[in-house]
Amino acid sequence: MGRITNDLFDVTEFAHHCPEEFFIAGIKIVISFVILARINVLLTLIIFVIVPVMIAVCMSLNFRMRGAFSKQRNQIGELNARIEDSLLGQKVVKAFTNEEMENQKFEQDNGKFLDIKKETYRYMAAFQTTTKMFDGVMYLAVVVAGGIFMVKGLVAPGDLVAYTLYVSTMIATIRRIIEFAEQFQRGMTGIERFLQIMDADIEIFDEPDAKEMLHTEGNIRFDGVSFEYPDDHNIVFRNLNLEIRHGEKVAIVGPSGGGKTTLCNLIPRFYDVTEGKISIDGEDIRHFTLKSLRKNVGIVQQDVYLFSGTIFENISYGKQDASREEVMEAAKRAGAHEFILNLKDGYDTYVGERGVKLSGGQKQRISIARVFLKNPPIIILDEATSALDNESEFAVAKSLARLSEGRTTLTIAHRLSSIRNSDRILVLTDQGIVEEGNHEQLLERKGIYYQFYTTANELK
Ligand SMILES: Nc1ncnc2c1ncn2[C@@H]1O[C@H](COP(=O)(O)OP(=O)(O)OP(=O)(O)O)[C@@H](O)[C@H]1O
Ligand SMILES: [Mg+2]
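Residues numbered from 1 in each chain as written. Chains lettered and ligands numbered in written order. Predicted model: local features only at pLDDT ≥ 70, side-chain atom pairs only at ≥ 80, totals over all residues.

(A) Representation of the overall build of the protein. Scanning the protein from terminus to terminus reveals 14 helices and ten strands. Its C-alpha atoms give the protein a radius of gyration of 34 Å, more than 25% over the compact-globule value 23 Å for 460 residues. Burial statistics for the protein: of 460 residues in total, 29% are counted as buried. Here the contacts in the protein between residues at least 6 apart in sequence split such that 76% fall between residues at least 24 apart. (Helix = DSSP H or I, 4+ residues; strand = E, 2+ residues; numbered from the N terminus. Rg over C-alpha atoms; globule rule 2.2 N^0.38 Å. Buried ≥ 20, exposed ≤ 12 C-beta atoms within 10 Å, placed from the backbone. Contact = placed C-beta atoms within 7 Å.)

Set out below in structure tokens:
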């Protein structure tokens, strides 16, 4: 956040002021040099000998200042992240009465920030006093050398007075450049930090000759797919083969952490497979543009994310140019229309940051409505009904059944009741797909699915 707000602000300030400042300063220095030289060449050379020394010293101080600025930015970033974290997690903090600990963590980070800030001020102070000192030295040089020159008759008293006045213009200009160096440093640090974001490797991108995915039947095929998350080398699948035909309703069940969500994330290419390939209608999904691929896949995710804004805006996220009628229709089909009408401002109710003003089930139905509106040929439902009560689950299940007509649907569910009618059920464990078949076939096998099913019934 810091990088794309504060840092970029410094960069724009710098880009806006820098050219004009340097241009004006450059002209002033050249012209004052010419005027001073015309009054007295020797005196001018003496003064201009001091300028490079001054620039060298200031540059070295500047360099250290830049390092300090950079550290300061990083630390303020950390501090902001910490504050955001504690604020967003405030319910957890309160529930565990860990306010004291959060305060201490803040205190610690803030202390670090204070130290860095002190260091920055030290460099700034050194910088300021050094430049002021050089100012004084230059005046002193003019007065002393000018005095000697006047005594020796090398310069007329009137010329020396004019000279002193011109020198003060020049010194003011040099000061301006040096002061500006501080802004320059801020700008440069800002650019550096911003470029680090822009240069970050994108892991998933369009192939050079990627094509549009236009009409999709929705035949999905996994061929020898292996996958491990890029940052930890924990293998989630090894040599997984799976075929899902057009219009088929496939359900995935399995123990928590078995890789169900991961499997679904591979289809819209949130991650790329490590080995093997996934194809849709016989074409490797890496050959399609990401945009067109993702347009064809609708997902209701396990952790629903709503944007701060109104309900209408959140549903129409599925189709940006949707009309009010379309949004309402989608909400009706997702079983959300009734509760939305009961809210204070109906569809224009503000949902709060991340949808805090809605219940878990309400959020879930809004995210289902989004997918209704998007209307893609392939649908992935990751625990889409897990936050609903039995009654609304039944209602949503009906609308999901309507939604999935003629489309390829992948459903992940812990509650087996919602997947009984699937065409095919896969049991996914860390050993891969260990059982496959419809509800009756799997019960007959008396394997893992049977165990799940009977345990679930016993619990009831
Ligand atoms: N972003 C990630 N980075 C690294 N490892 C991950 C990541 N997400 C999941 N994993 C690991 O991958 C494995 C599979 O996780 P996944 O979320 O696919 O399980 P799941 O079957 O959906 O579980 P659940 O039923 O609890 O939702 C787990 O061991 C998990 O620790
Ligand atoms: Mg999951």
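(B) The arrangement of the domain arrangement of the protein in detail. We note that the domain assignment places domain 1 (3-198) and domain 2 (220-459) within the protein. Once you take the C-alpha centre of each, domain 1 and domain 2 turn out to be 55 Å apart. (Domains from an automatic or database assignment.)

(C) Representation of the pairing of strand S6 (residues 297-300) in the model. Across the two faces of S6 the burial is the same, with Val297 and Ile299 and Gly298 and Val300 all buried. As paired strands, S6 and strand S7 (residues 378-382) are joined by four bridges and run parallel to one another. Its bridge partner lying in S7, valine 300 is registered against leucine 381. (Pairing = 2+ DSSP bridges.)

(D) Molecular detail of the packing of helix H2 (residues 41-88) against helix H5 (residues 157-198). As a packed pair, H2 and H5 sit with axes 9 Å apart at the nearest point and diverge in direction by 25°. One element, H2, and the other, H5, form an angle in the roughly parallel class. H5 is crossed by H2, and the crossing has right-handed handedness. The residues of H5 that touch H2, namely those facing Leu43, Ile47, Val51, Cys58, Asn62, Met65, Arg66, Phe69, Ser70 and Arg73, are Tyr163, Val167, Ile174, Ile178, Ala181, Gln185, Arg186, Met188, Thr189 and Arg193. (Axes fitted to C-alpha atoms, helices over the stretch in contact; angles between N-to-C directions. Parallel < 35°, antiparallel > 145°, perpendicular 65-115°, else oblique. Left-handed = near helix turned anticlockwise from the far one by under 90°.)

(E) Local environment of the site of ligand 1. Taken together, the neighbourhood of ligand 1 is formed by 13 residues, with Tyr229, Ser256, Lys260, Thr261 and Thr262 sitting nearest. Classifying every residue of the shell around ligand 1 by side-chain character gives two nonpolar, nine polar and two charged. (Near = placed C-beta within 6 Å. Nonpolar A, V, L, I, M, F, W, Y, C, P; charged D, E, K, R; others polar.)

(F) Structural view of the sheet that holds strand S9 (residues 424-429). A sheet is described by the order of its strands in space; here six strands give the open sequence S6-S7-S8-S3-S9-S10, paired in mixed fashion. Either end of the sheet is taken by a strand with one partner, and the two such strands are S6 and strand S10 (432-437). For this sheet, the mean inter-axis angle between neighbouring strands, taken without regard to orientation, is 20°. When S7 meets strand S8 (residues 408-412), the two strands line up parallel, connected through five bridges. Its bridge partner being in S8, aspartate 382 is matched across the sheet by isoleucine 412. Strand contacts of helix H11 (residues 360-374): S6 and S7, with the helix running at about 170° to S6, the strand carrying the most contacts.

(G) How the structure looks around helix H1 (residues 3-39). An ideal rise of 1.5 Å per residue puts 54 Å on 37 residues; H1 measures up with 50 Å between its terminal C-alpha atoms. Histidine 17 marks the point of greatest bend in H1, at about 35°, and the proline proline 19 comes within the next four residues. Where H1 is buried, its residues touch H2 and H5. (Expected span 1.5 Å × (residues − 1). Bend = angle between axes of the 7 residues up to and from the residue.)

(H) Quick peek at the nonpolar core. Residues Ala331 and Ala369 are the most contacted members of the largest nonpolar core, which totals 66 residues. Look past the residues within four positions of alanine 331 in its chain and what remains in contact with it is Ile315, Ala336, His337, Ile340 and Ala369. Core analysis: the second largest hydrophobic core is formed by 15 residues, Leu43, Phe134, Val155 and Val167 among them. (Core = buried A, V, L, I, M, F, W, Y, C linked by C-beta atoms within 7 Å.)

(I) Up close: the packing of H2 against helix H4 (residues 99-151). Interhelical geometry of H2 versus H4 gives an angle of 170° and a closest axis separation of 9 Å. Compared by their axis directions, H2 and H4 come out roughly antiparallel. Here the contact of H2 with H4 is built from residues that sort into 28 nonpolar, nine polar and ten charged.

(J) Spotlight on the pairing of strand S4 (residues 275-280). In the sheet, strand S1 (residues 220-228) pairs with S4 via five bridges, with the strands oriented antiparallel. Looking at the pairing, aspartate 223 lines up with lysine 277 of S4. Where S4 and strand S5 (residues 283-284) come together, two bridges link them in antiparallel fashion. Its bridge partner being in S5, serine 279 is matched across the sheet by aspartate 284. Between the end of S4 and the start of S5, which pair antiparallel, lie two residues, with aspartate 281 showing a positive phi angle near 50°.

(K) Looking closely at helix H9 (residues 324-333). The set of residues buried in H9 consists of Val327, Met328, Ala330 and Ala331. Buried residues in H9, looked at end-on, bunch into an arc of 160°, giving them a common side. (Arc of directions from axis to C-beta.)

(L) Focus on unusual backbone geometry. A positive phi angle, near 60°, is found at arginine 269, a position not held by glycine. Among the secondary structure elements, arginine 269 is positioned in the loop between helix H6 (260-266) and S4. Positive phi, normally seen in glycine, also occurs at lysine 446, with a value near 55°. Here lysine 446 shows up in the loop between helix H13 (439-445) and helix H14 (448-459). With 10 C-beta atoms counted inside 10 Å, the residue lysine 446 sits in the exposed group.

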